[in-house]
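Structural features, examined
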Amino acid sequence: MADNKERTISDLTRIITTGTISGGEPVTLTFTAKDGTQVPVSECDVLGTSGQDLGYCLDCGSEHLEVEPDACNYECADCGKDSVFGASELLIMGCIS
Ligand SMILES: [Zn+2]
């Protein structure tokens, strides 16, 4: 999404009904880690429609495979902190926009 508006209930309803946040073609979103690292994230991965479970470390921004969408505080193999969250969880937390 090009804008930085806060997500609203109607946004979430659109995601559920259309399968995308934009309501159109899947777009690339950005996950921002605590250290400022910005990671491009496919909308399909965030919504779980890509068929793979992706998660990201909130501290270092590293990508992790086989992380459930609603995972919280999994251990990061890169920085060792319990900061890996599922992509959908990060969207809800407002870390993906
Ligand atoms: Zn990490």
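This is a predicted model, so every value here is computed, not measured.

Description of unusual backbone geometry
Phi at Glu-66 takes a positive value of approximately 55°, unusual for a residue other than glycine. With 9 C-beta atoms counted inside 10 Å, the residue Glu-66 sits in the exposed group. If you check the backbone angles, Asn-73 has positive phi at about 60° while not being a glycine. Mapping Asn-73 onto the fold places it in the loop between strand E4 (63–65) and strand E5 (84–86). The exposure class of Asn-73 is exposed, given the 12 C-beta atoms found within 10 Å.

Focus: the sheet that holds E4
Spatially, three strands are ordered E4-E3-E5 in an open sheet, and the strand pairing comes out antiparallel. Two strands lie at the open edges of the sheet, namely E4 and E5, each paired on one side alone. Strand-to-strand twist across the sheet, computed as the mean angle between neighbouring axes with direction ignored, equals 35°. Bridge count for strand E3 (residues 54–57) against E5 is three bridges, and the pairing is antiparallel.

Observations regarding the pairing of E3
Burial along E3 is two-sided: the face carrying Leu-54 and Tyr-56 and the face carrying Gly-55 and Cys-57 are both buried. Looking at chain direction, E3 and E4 are connected through three bridges and run antiparallel. By the bridge assignment, Leu-54 is partnered in E4 with Leu-65. Hairpin connection, E3 to E4: the antiparallel pair is bridged by five residues, and Gly-61 has positive phi, about 85°.

Parameters at a glance
Residues numbered from 1 in each chain as written. Predicted model: local features only at pLDDT ≥ 70, side-chain atom pairs only at ≥ 80, totals over all residues. Buried ≥ 20, exposed ≤ 12 C-beta atoms within 10 Å, placed from the backbone. Helix = DSSP H or I, 4+ residues; strand = E, 2+ residues; numbered from the N terminus. Pairing = 2+ DSSP bridges. Axes fitted to C-alpha atoms, helices over the stretch in contact; angles between N-to-C directions.

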